[in-house]
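Structural features, examined
Given next are the chains, with one letter for each unit.
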Amino acid sequence: MTEPWLVGLDVDGTILLQDETMSPGVPEAVARVRDAGHLVTIATGRSWMATRRYVEELGLLADYVVCSNGAVTMRRVGDDWERWNVETFDPTPVLGLLRNRLPEARYMVELASGQRLFTEQLDDWTLDGGRQVDFDELGALPVSRIVVVSPGHDEDDFHRLVADAGLNEVSYAIGWTAWLDIAPQGVDKGTALEQVRLELGLDRGRILVAGDGRNDIGMFGWARSLGGRAVAMGQAPDEVKDAASEVTADVEDGGLAQALDTLPAPAQVSAGE
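Report on the accompanying structure. For clarity, every value in this text was computed on a predicted model and none was experimentally measured. (Residues numbered from 1 in each chain as written. Predicted model: local features only at pLDDT ≥ 70, side-chain atom pairs only at ≥ 80, totals over all residues. Heavy atoms only, no water.)

When its secondary structure is counted, the chain shows nine helices and 14 strands. Over its C-alpha trace the chain gives a radius of gyration of 18 Å, about what one expects of a compact globule, namely 19 Å for 273 residues. Dimensions of the chain, computed from the C-alpha atoms along their principal axes, are close to 65 × 40 × 35 Å. Considering the chain as a whole, with its 273 residues, one finds that 53% of them fall into the buried category. Long-range pairs, those at least 24 residues apart, make up 57% of the contacts in the chain between residues at least 6 apart in sequence. Only carbon and sulfur atoms are counted for the fraction: they give 46% of the accessible area of the chain, which is about 11700 Å². Placing the 23 positive and 46 negative side-chain charges of the chain at their respective mean positions leaves the two points 3 Å apart. (Helix = DSSP H or I, 4+ residues; strand = E, 2+ residues; numbered from the N terminus. Rg over C-alpha atoms; globule rule 2.2 N^0.38 Å. Buried < 20%, exposed > 50% of the residue type's maximum accessible area, 1.4 Å probe, protein only. Contact = heavy atoms within 4.5 Å. Areas by Shrake-Rupley, 256 points an atom, 1.4 Å probe, with all protein chains shown as cover. Lys, Arg positive; Asp, Glu negative; His and termini not counted. Charge placed at Lys NZ, Arg CZ, Asp CG, Glu CD.)

On to the nonpolar core. Ranked by size, the top nonpolar core spans 33 residues in total, and within it V7, L9, I15, V30, I42, L256 and L260 carry the most contacts. Listed by contribution, the elements that provide at least two residues to this core are β1 (6–9), α1 (26–35), β2 (39–42), α2 (52–57), β3 (64–67), β4 (72–77), β12 (207–211) and α8 (255–260). Once you skip the residues sitting within four places of it in the chain, I42 turns out to touch L9, V11, I15, T51, Y54, V55, L60, V65 and V66. Core analysis: the second largest hydrophobic core is formed by 25 residues, F89, Y107, V133 and L138 among them. (Core = buried A, V, L, I, M, F, W, Y, C linked by side-chain atoms within 4.5 Å.)

Bringing the sheet that holds β1 into the picture now. Hydrogen bonds between backbone groups are what pair the strands of a sheet, and the pairing can be parallel or antiparallel. If you trace the five strands from one edge of the open sheet to the other, you get β2-β1-β12-β13-β14, paired in parallel fashion. Both edges of this open sheet fall to β2 and β14 (246–247), since each of them pairs with a single strand only. For β12 and strand β13 (residues 229–232), the ladder comprises four bridges, and the chain directions are parallel. Counted as the bridge partner of G211 is A232 from β13. Sheet strands in contact with helix α6 (residues 217–225) are β1, β12 and β13, and its direction is about 160° off that of β12. (Pairing = 2+ DSSP bridges. Axes fitted to C-alpha atoms, helices over the stretch in contact; angles between N-to-C directions.)

Moving on: the environment of R32. Inspection of the secondary structure puts R32 in helix α1. Judged by its relative accessible area of 22%, R32 is partly exposed. With 229 residues separating them along the chain, R32 and D261 place their C-alpha atoms 8.3 Å apart. Of the polar contacts made by the side chain of R32, one reaches the backbone oxygen of L260; its length is 2.6 Å. (Polar contact = N/O pair within 3.5 Å; in protein donor to acceptor, adjacent residues only side chain to side chain.)

Here the focus is the pattern of salt bridges. For side chains bearing opposite charge, pairing can occur when the charged atoms are close. Under the defined criterion, the tally for this structure stands at 22 salt bridges. For E110, the salt bridge identified is with R145, shortest N-O distance 3.5 Å. Of this pair, E110 sits in strand β6 (residues 106–111) while R145 is found in strand β9 (residues 143–149), placing the two residues 35 residues apart along the sequence. With respect to burial, E110 and R145 carry one shared label: buried. In this structure, a network of salt bridges that share partners links the residues R83, E110, R116, R145 and D181. (Salt bridge = Lys/Arg side-chain N within 4 Å of Asp/Glu carboxyl O.)

Along α1, the residues that are buried comprise V26, A29, V30, A31 and V33. Of the surrounding elements, those touching the buried residues of α1 are β1, β2 and α8. Once α1 finishes, G37 follows within two positions and takes phi at roughly 100°, a positive value.

This paragraph deals with the packing of helix α3 (residues 92–101) against helix α4 (residues 155–165). One way to put it is that α3 packs onto α4 with a least axis distance of 11 Å and a crossing angle of 125°. On the basis of the axis angle, α3 is oblique to α4. Read as a crossing pair, α3 and α4 show a hand that is right-handed. Here L97, L98 and R101 of α3 lie close against α4, whose contacting residues are L161, D164 and A165. Looking at the contact of α3 with α4 residue by residue, the class counts come to four nonpolar, no polar and two charged. (Parallel < 35°, antiparallel > 145°, perpendicular 65-115°, else oblique. Left-handed = near helix turned anticlockwise from the far one by under 90°. Nonpolar A, V, L, I, M, F, W, Y, C, P; charged D, E, K, R; others polar.)

Here we come to the pairing of β4. Summarising the sheet, β3 and β4 pair through four bridges and their orientation is antiparallel. Following the sheet pairing, V66 is matched in β4 by T73. Where β4 lies against strand β5 (residues 80–86), six bridges are found, and the strand directions are antiparallel. Residue pairing in the sheet places T73 in a bridge with N85 of β5.

Moving on, we get to the side chain of D181. Looking at the element boundaries, D181 is found in strand β11 (residues 180–183). Here R145 takes part through its side chain, which lies 2.3 Å from a polar atom of the side chain of D181. Once you skip the residues sitting within four places of it in the chain, D181 turns out to touch G45, N69, R145, I146, V147, S171, Y172 and A173.

And the structure:
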């Protein structure tokens, strides 16, 4: 049997269309790759709470799933899941910088336990079990991420803000819905996937990752550094495409399914089975 590939997939704009339906052909392509013996998992900026349904809908068998842009990795334990690795940082300096520059923004933090604290409700956030708090309470405990949404500001504004605020002590990504997602320094989807790869003893070169956002650039660099494949979706920004080793079609046109279909077919992976 040929060694399996580690396949790490972004969710929004890669697996899912903007209306949260599946990109054309993705369920079938994922099933084929999974049944071929490859290890298919998710690497997303979403929290575990907003990710688990897609692990189940796609019938993924992987024992590890990367969430919160690499700050949280979940591990399957029987029929349930546990928080296998959680990276945290002290949010107070960053929150102070951001509050001075974006006093009207909406803020959310994710604690090591997975609970979310937020200043104001926002429809895009998964807040089941979350708690609304005053701004000062956001920094009371270490967090795995800070999310900032500021109405009226776009990606260019966020880039300027990051530069002006000197946010070099933490890792940050600007999402496709123009929000700022801040993680512990040196943590991204790639660092988390490398922990998973080492834990499972998988081959360096047999890696395929796919995504469409700036928060996928670190994952792309990791895959390429190990001789793997980094696939950017067709609608990705130019800087994301530049970080990839290849570009597939847009998410609306089933770009992920097309990329997955280039992996070996079942007969090639498990001859004689």
